[in-house]
Amino acid sequence: MVSNIKIGGANLIDDSEFVTYKTSTTKWHKENATCSKGYGYMNQLGLHLTSNAVNNGTAGYLDFVEQSIRYKLKADTYYTFSFYAKGTDGTGTDSKGASFNYKGRITTYVYPEVGTEIADNMHTFNLTGEWKRYSYTFKTIADLDESRNLGYLFRLIKTVENGTTYYSNAYICMPKLEEGTVATAWCTTDIDMKSYIT
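Model, not experiment: these values are computed from the prediction.

Asks: Any chance you could explain the packing of aromatic side chains here in plain terms?
Replies: For any two aromatic rings, the description comes down to two numbers: the centre-to-centre distance and the angle of the planes. Applying the stated criterion across every chain, the model contains 18 aromatic pairs. Their ring planes at 55° and their centres at 5.5 Å tell us that Phe81 and Tyr152 sit as a pair that is tilted. One end of the pair, Phe81, is in strand E4 (residues 78-87); the other, Tyr152, is in strand E10 (residues 151-157), with 71 residues separating them in the sequence. For the pair shown, Phe81 and Tyr152 are each scored as buried. Ring centres of Phe83 and Tyr134 lie 5.6 Å apart, and the angle between their planes is 20°; this geometry places the pair in the stacked category. Of this pair, Phe83 sits in strand E4 while Tyr134 sits in strand E9 (residues 132-139), and the two are 51 residues apart along the sequence. Here Phe83 falls in the buried class, since its relative accessible area comes to 0%. Residue classification places Tyr134 among the buried positions, given a relative accessible area of 6%.

Asks: What am I meant to see in the pattern of salt bridges here?
Replies: Two side chains that carry opposite charge are able to pair once their charged atoms sit near each other. Under the definition given, this model contains eight salt bridges. Here Asp63 makes a salt bridge to Lys30, at a shortest N to O gap of 3.2 Å. With Asp63 in strand E3 (residues 61-68) and Lys30 in the segment before strand E1 (34-37), this residue pair connects regions lying 33 residues apart in the sequence. Taking the shortest distance from any N to any O, the salt bridge between Asp63 and Arg155 comes out at 2.6 Å. One end of the pair, Asp63, is in strand E3; the other, Arg155, is in strand E10, and 92 residues separate them in sequence. Among the residues examined, Asp63 registers a relative accessible area of 7% and is labelled buried. Judged by relative accessible area, which is 15%, Arg155 ranks as buried. In this structure, a network of salt bridges that share partners links the residues Lys30, Asp63, Glu66 and Arg155.

Asks: Which parts of the structure should I look at to understand the sheet that holds E4?
Replies: Working definition: the strands of a sheet are paired by backbone hydrogen bonds and lie parallel or antiparallel to each other. Ordered by their spatial adjacency, five strands build an open sheet running E1-E2-E13-E4-E9, and the pairing between neighbours is antiparallel. Pairing within the sheet leaves two strands with one partner each, and these edge strands are E1 and E9. Across the sheet, the axes of successive neighbouring strands diverge by a mean angle of 30°, strand direction being ignored. Pairing of E4 with strand E13 (residues 169-179) involves eight bridges; the strand directions are antiparallel.

Asks: Could you clarify how one ought to interpret the side chain of Thr80 in this entry?
Replies: Checked against the element boundaries, Thr80 lands in strand E4. Residue Thr80 is classed as buried on the basis of its relative accessible area, which comes to 1%. At a separation of 2.8 Å, a polar atom in the side chain of Thr80 contacts the side chain of Thr137. For Thr80, the side chain forms a polar contact with the main-chain oxygen of Gly180, separated by 2.8 Å. Ignoring anything within four residues of it in the chain, the contact list for Thr80 reads Ser135, Tyr136, Thr137, Lys176, Leu177, Glu178, Gly180, Thr181, Val182 and Ala183.

Asks: Is there a simple way to think about the side chain of Gln67 in this case?
Replies: Looking at where Gln67 falls in the secondary structure, it is placed in strand E3. Residue classification places Gln67 among the buried residues on the basis of a relative accessible area of 2%. Engagement of the side chain of Gln67 in a polar contact is seen with the backbone oxygen of Asp14, the distance being 2.8 Å. Excluding its chain neighbours within four sequence positions, the residues that come into contact with Gln67 are Ile13, Asp14, Lys27, Trp28, His29, Leu150, Gly151 and Tyr152.

Asks: Any chance you could explain unusual backbone geometry here in plain terms?
Replies: What is expected of a backbone is that most residues other than glycine have negative phi and most peptide bonds are trans. In this model, Tyr111 is joined to Pro112 through a cis peptide bond whose omega is -10°. As for its position among the elements, Pro112 is in the loop between strand E7 (105-111) and strand E8 (123-126). Despite not being glycine, Phe18 has its phi angle at roughly 65°, a positive value. By the secondary structure assignment, Phe18 is in the segment before E1. Phi is positive for Asp76, close to 55°, though the residue is something other than glycine. As for its position among the elements, Asp76 is in the loop between E3 and E4.

About the cut-offs
- Residues numbered from 1 in each chain as written.
- Predicted model: local features only at pLDDT ≥ 70, side-chain atom pairs only at ≥ 80, totals over all residues.
- Heavy atoms only, no water.
- Phe/Tyr/Trp six-rings, centres within 6.5 Å; stacked < 30°, edge-to-face > 60°.
- Helix = DSSP H or I, 4+ residues; strand = E, 2+ residues; numbered from the N terminus.
- Buried < 20%, exposed > 50% of the residue type's maximum accessible area, 1.4 Å probe, protein only.
- Salt bridge = Lys/Arg side-chain N within 4 Å of Asp/Glu carboxyl O.
- Pairing = 2+ DSSP bridges.
- Axes fitted to C-alpha atoms, helices over the stretch in contact; angles between N-to-C directions.
- Polar contact = N/O pair within 3.5 Å; in protein donor to acceptor, adjacent residues only side chain to side chain.
- Contact = heavy atoms within 4.5 Å.

Structure follows, in structure tokens:
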């Protein structure tokens, strides 16, 4: 149980608006999604990925996007990771022949070997057909090497039921990594804000 709640607020993710996505100045890696205004919550820029692409491979997942964390995380400190996401309506048939709805699943990581409970902070989220903000809090290990390069990524997981693979679409936007135990309102970094002004 988390006690002594502390709120950070500053976003540690560069270009959390995806302005540089798939450009010559991109701050991202593994750019497998489509980026467009309107793909995000409240008509923001966002990323769209379909599990059709996932199932072209054998891994069972495809990465939306990945980024190295430029701001070094502190040892023995709480951080909260949050983002907006939604899936699309889909239907399938379970092992008893009954139909079911699915919206897709995504997995997020803050890695490598950062957290005290889950080393790479792997969390899987079952999406809904509406925009929703997802978040989780983790504590960094006490002996974390603060000079080590860390990163985070999003993955879309394929949906399989009764041996059949079903396709879905997922959208993400406005990711935020902040110090503290509460997911505060999304904001851009100070550096990004200055670059937008100039």
